[in-house]
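What the coordinates show
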Amino acid sequence: MKTALFTYPCHGVRIALRPHPIRDKARLLILNDSRLHHKTPHQHARIDQLPAILKAGDTLVINNVKVIKARLKGRTRHNNRPCDILLCHPLPQEQHTPDGIGHAWRAMVKPRKKIPPKTSIIIKDIPTATVEQHHEDGTSIVSFPCSWEQLRHALERFGVMPLPPYIEKKRTSDRRDEQDYQTIFSTQAHRAPQDQTHSAIASPTAGLHFTPRILYALKRHAISIAPLTLYVGAGTFQPIRHDHIEQHPMHGEYGLMPNTTARLINRTKQQGGRIIAVGTTSLRMLETCASRQGYITPWQGITKLFITPRYRFRCADYLLTNFHQPRTTLFMLVCAFSGYTTMHRLYRHAIRTGYRFYSYGDACLLPHMPRRPSPW
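The structure contained in this document is the topic of the report that follows. Only a predicted model underlies this, so the values are computations on that prediction, with no experimental measurement involved.

Here we take up the nonpolar core. L286, I296, F357 and L366 are the most contacted members of the largest nonpolar core, which totals 65 residues. No other element matches helix 8 (residues 329-338), which puts seven residues into this core. The contact partners of I296, leaving out residues within four places of it in the chain, are M257, A262, I265, N266, L286, C289, A290 and C315. If you look at the next biggest cluster of nonpolar residues, it comprises 26 residues, including C88, A154, L155 and A234.

Before going further, it helps to examine the sheet that holds strand 8 (residues 119-123). Spatially, 5-6-7-10-9-8 is the arrangement adopted by the six strands of the closed barrel, whose pairing is antiparallel. Each neighbouring strand pair of the sheet contributes to a mean axis angle of 45°, computed without reference to strand direction. Pairing of strand 9 (residues 126-134) with strand 10 (residues 140-144), which is carried by four bridges, proceeds in the antiparallel orientation. Bridge pairing in strand 10 links H134 to S140. Running over the sheet, helix 2 (residues 148-158) touches strand 5 (71-76), strand 6 (82-90), strand 7 (103-110), strand 9 and strand 10 and is turned about 30° from strand 7.

Before going further, it helps to spend a moment on helix 8. Most of helix 8 is tucked away, with 10 of its 10 residues classed as buried. Residues T329, L330, F331, M332, L333, V334, C335, A336, F337 and S338 constitute the buried set of helix 8. Residues of helix 8 that are buried sit in contact with strand 2 (27-31), helix 7 (280-289), strand 17 (318-322), helix 9 (340-352) and strand 19 (363-367). Directly beyond the C-terminal end of helix 8, a positive phi value near 110° is found at G339.

We now examine the packing of helix 8 against helix 9. Orientation of helix 8 relative to helix 9, taken along the N-to-C sense of each, is 120°, at an axis distance of 7 Å. With respect to each other, helix 8 and helix 9 are oriented oblique. Of the two possible hands of crossing, helix 8 and helix 9 adopt the one that is right-handed. Note on element contacts: helix 9 touches helix 8 through Y340, T342, M343, H344 and Y347, opposite F331, V334, C335 and S338. Of the residues assigned to the contact of helix 8 with helix 9, the class counts are six nonpolar, three polar and no charged.

The next thing to look at is the sheet that holds strand 17. Spatial ordering of the open sheet is given by 3-2-19-17-15-4-13-14-16, a layout of nine strands whose pairing is mixed. Bordering the open sheet on either side are strand 3 (42-46) and strand 16 (299-303), each of which pairs with just one other strand. Ignoring which end each strand starts from, the neighbouring axes of this sheet average 25° apart. Here strand 4 (residues 59-63) pairs with strand 13 (residues 224-230) via five bridges, running parallel.

Rules used throughout
Residues numbered from 1 in each chain as written. Predicted model: local features only at pLDDT ≥ 70, side-chain atom pairs only at ≥ 80, totals over all residues. Heavy atoms only, no water. Core = buried A, V, L, I, M, F, W, Y, C linked by side-chain atoms within 4.5 Å. Buried < 20%, exposed > 50% of the residue type's maximum accessible area, 1.4 Å probe, protein only. Helix = DSSP H or I, 4+ residues; strand = E, 2+ residues; numbered from the N terminus. Contact = heavy atoms within 4.5 Å. Pairing = 2+ DSSP bridges. Axes fitted to C-alpha atoms, helices over the stretch in contact; angles between N-to-C directions. Parallel < 35°, antiparallel > 145°, perpendicular 65-115°, else oblique. Left-handed = near helix turned anticlockwise from the far one by under 90°. Nonpolar A, V, L, I, M, F, W, Y, C, P; charged D, E, K, R; others polar.

Laid out in structure tokens, this is it:
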């Protein structure tokens, strides 16, 4: 399947550099279910109207992960060159530092070409880090001769919130982002199964629109909230660089489906309620844990589920999500969920009518559409 199919004309796209001043006043573009014979294919609303749009007995599935301040600023020891390290995920114990002391992370280092392997990096309040090696996928291995607790303390004090690349090209991260880039659900900052620590370096941005007022209204309308956890990594922003999507190495992310959430989702389905995935990360976890009949099993581990338009969805009835970049696995996912042609039309309409795109942008509410003939 050609990657070029999953692009759209970006002229006119308004990239949001800040969230809406009042989170739940962001715009919401609703894709009408064509099976219900609506007069128009789209409706325009706001996030704060969501409780009235949904029905009693529905369940919203949210990702409760918390983003860590994973970007560190430092200088090379030998020539005092400024450098930037974005920690992506820790390596297993057997791949830790060469002398067995401390631990190592897969990271993104800038300026990569000017920092050769074995370069020592001086970072405030952290023992000297070392760039051990570079990989062809653009990542590097960076070792830290200190404990995870020491590194976490330094990140909390000196780390910078890792914003998406399309925002960082326009402005630098600041103190406002430490609040703006966290959802109201964010509670799960770190998890350490066995000898690893999993951390999120990107926000499940569909959840950024929710406020205490929205949660209160949802409760009044008898709409449930079901939390799960997926630690979102840098791969979520990675474009597909190959000509065919089958060549794309899908990134893995650690997730947790609690028993209580699985029971709530299953009960909702048994009672005729609808499952609304809040964000692509929640949808990816749902599908990772779903049986062929659509019921959820408690689960934890690393998912590498790659959802393409040939995928058959099992659980979610609706998806609440922001607008995504072209040529990414996220845009491919929404095309799979609601239809290739339908999503291209929706995105063109959103651009024409001035919706704000990407992480800090507006949202859309998509029904799951059955598979239709496609251009491949």
